[in-house]
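The chain contents come next:
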Amino acid sequence: MFELTDKVALVTGAARGLGQAIALKLAAAGADLALCDLNAEWAEETAAQVKALGRRAECYGVNVAEGESVTAGVKAIEKDFGKIDILVNNAGITKDGLLIRMSEDDWDAVLNVNLKGTFLCTKAVMRGMMKKRSGAIVNIASVIGLMGNAGQANYAASKGGVISFSKTVAKELSSRNVRCNAVAPGFIRTPMTDALGEDVQNKMKELIPLSRFGEPEDVANVVLFLASDASAYVTG
Ligand SMILES: NC(=O)c1ccc[n+]([C@@H]2O[C@H](COP(=O)([O-])OP(=O)(O)OC[C@H]3O[C@@H](n4cnc5c(N)ncnc54)[C@H](O)[C@@H]3O)[C@@H](O)[C@H]2O)c1
């Protein structure tokens, strides 16, 4: 049911953290992987692990916040692999600070990677998916995009945007059998959350029913479901 043999998956931000775990989970289900990150070399470690699972992996240097970079990357992937069946918009950044001190640059940087990057990558792959009348797009949002968080106005706005963007893409592409969904993870143990102070981490754990952070694989399991035919009736 979670079979992805002969599928080609593009994962952004695939060098580490959730992106790496997602890439490995999709590869274990049989997919070949186009691994995108700011620098192609950063994704080599993920590529080596995908290859060890017996699947094909190629690395691409793509800045998801820049239209030309995304267009060139997707063009190269479609040439190398012949198609893209699954897109996982995972690349994301934080630049935290209370709103009163938040600079315009920090606002723009986060919105550009998290929200505009999701728009650019989706737009670049959707034509190919619409043509072959199948595709699955999975956008990594965040629980912060649903509930807000002091010190993360830019991040919360970007992830709230990703959720409403995903619902809209689902509506626009459903007639072509292209599905689009968003995952809103809680707090997951990655380099992004490792960077937070211990007191912040402990405060977060108080909000979590299981009283611990999730692991990247917990999110990857949900992405696998949404990328596979097991979720054929789930979109938006
Ligand atoms: N870790 C968590 O607790 C958590 C919770 C909810 C949502 N998320 C989301 O999950 C996604 C992955 O988070 P993570 O914790 O693995 O982060 P991470 O910082 O560990 O990894 C992010 C990856 O994205 C890449 N990246 C950054 N900017 C990019 C750009 N402009 N173009 C291409 N690649 C770029 C980085 O090089 C890095 O490899 C993000 O969208 C994040 O917002 C994370």
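This one's a predicted model, so the numbers in the text were calculated from it and none came from an experiment.

Cut-offs applied
Residues numbered from 1 in each chain as written. Predicted model: local features only at pLDDT ≥ 70, side-chain atom pairs only at ≥ 80, totals over all residues. Helix = DSSP H or I, 4+ residues; strand = E, 2+ residues; numbered from the N terminus. Buried ≥ 20, exposed ≤ 12 C-beta atoms within 10 Å, placed from the backbone. Pairing = 2+ DSSP bridges. Right-handed = clockwise from strand over helix to strand, strands pointing away. Axes fitted to C-alpha atoms, helices over the stretch in contact; angles between N-to-C directions. Contact = placed C-beta atoms within 7 Å. Left-handed = near helix turned anticlockwise from the far one by under 90°. Nonpolar A, V, L, I, M, F, W, Y, C, P; charged D, E, K, R; others polar. Core = buried A, V, L, I, M, F, W, Y, C linked by C-beta atoms within 7 Å. Near = placed C-beta within 6 Å. Parallel < 35°, antiparallel > 145°, perpendicular 65-115°, else oblique.

1. Some thoughts on the overall build of the protein
Then, in step 1: In terms of regular secondary structure, the protein is built from nine helices and six strands.
Then, in step 2: Overall size of the protein, expressed as C-alpha extent along the three principal axes, is 45 × 35 × 35 Å.
Then, in step 3: Burial statistics for the protein: of 236 residues in total, 44% are counted as buried.

2. Considering the pairing of strand β1 (residues 8-12)
Then, in step 1: Of all five residues making up β1, five are buried, and the element is well covered by its neighbours.
Then, in step 2: Where burial is concerned, the two faces of β1 agree: the one with V8, L10 and T12 and the one with A9 and V11 are both buried.
Then, in step 3: In the sheet, β1 pairs with strand β2 (residues 32-37) via five bridges, with the strands oriented parallel. Across the sheet, V11 pairs through a bridge with L35, a residue of β2.
Then, in step 4: With helix α1 (residues 17-28) bridging β1 and its parallel neighbour β2, the resulting β-α-β unit is right-handed.

3. Notes on the sheet that holds strand β6 (residues 178-183)
Then, in step 1: Pairing in this open sheet of six strands is parallel, and the strands run β3-β2-β1-β4-β5-β6 from one edge to the other. Two strands in the sheet have a free side with no partner beyond their single neighbour: β3 (57-61) and β6. In this sheet, adjacent strand axes meet at a mean angle of 15° when their direction is disregarded.
Then, in step 2: Pairing of strand β5 (residues 135-140) with β6 involves six bridges; the strand directions are parallel. Considered in β6, the bridge of I140 is made with V183.
Then, in step 3: Across the sheet, helix α2 (residues 44-52) is in contact with β2 and β3; its angle to β3 comes to roughly 165°.

4. Notes on the packing of helix α3 (residues 67-81) against helix α4 (residues 104-131)
Then, in step 1: For the pair α3 and α4, interaxial distance at closest approach is 9 Å and the crossing angle is 35°. Regarding α3 and α4, the two cross each other, and that crossing is right-handed. On the side of α3, the interface is formed by G67, V70, T71, V74 and E78, while α4 contributes L120, C121, A124, V125 and G128.
Then, in step 2: Across the contact of α3 with α4, the residue classes tally to six nonpolar, three polar and one charged.

5. As for the nonpolar core
Then, in step 1: Counting 67 residues, the largest nonpolar core has L26, L33 and L35 as its most contacted members.
Then, in step 2: Counting residues per element, this core draws most heavily on α4, at nine residues.

6. Focus on unusual backbone geometry
Then, in step 1: For N177, which is not glycine, the phi dihedral falls at a positive 60°.
Then, in step 2: For N177, the location among the structural elements is in the loop between α6 (153-173) and β6.
Then, in step 3: A residue is classified by how many C-beta atoms lie within 10 Å of it, and N177, with 15 of them, is partly exposed.

7. Quick notes on the pairing of β6
Successive side chains on a regular strand alternate, one facing one side of the sheet and the next facing the other.
Then, in step 1: Taking burial as the measure, the six residues of β6 include six buried ones, the bulk of the element.
Then, in step 2: Here β6 shows no split at all, with V178, C180 and A182 on one side and R179, N181 and V183 on the other all buried.

8. So, the site of the ligand
Then, in step 1: If you check the shell around the ligand, you find 28 residues, and the closest are G13, G17, G92, T190 and M192.
Then, in step 2: Looking at the shell around the ligand, the elements that each hand over two or more residues are α1, α4 and α7 (191-194).

9. Re the packing of α1 against α2
Then, in step 1: Put simply, α1 and α2 touch, their axes get as near as 9 Å, and they point 20° apart. By the angle between their directions, the pair α1 and α2 is classed as roughly parallel. Here α1 and α2 pass one another in a crossing that is right-handed. Contacts from Q20, A23, L24 and A27 of α1 reach α2 at T46, Q49 and V50.
Then, in step 2: Here the residues of the contact of α1 with α2 are counted per class, giving four nonpolar, three polar and no charged.

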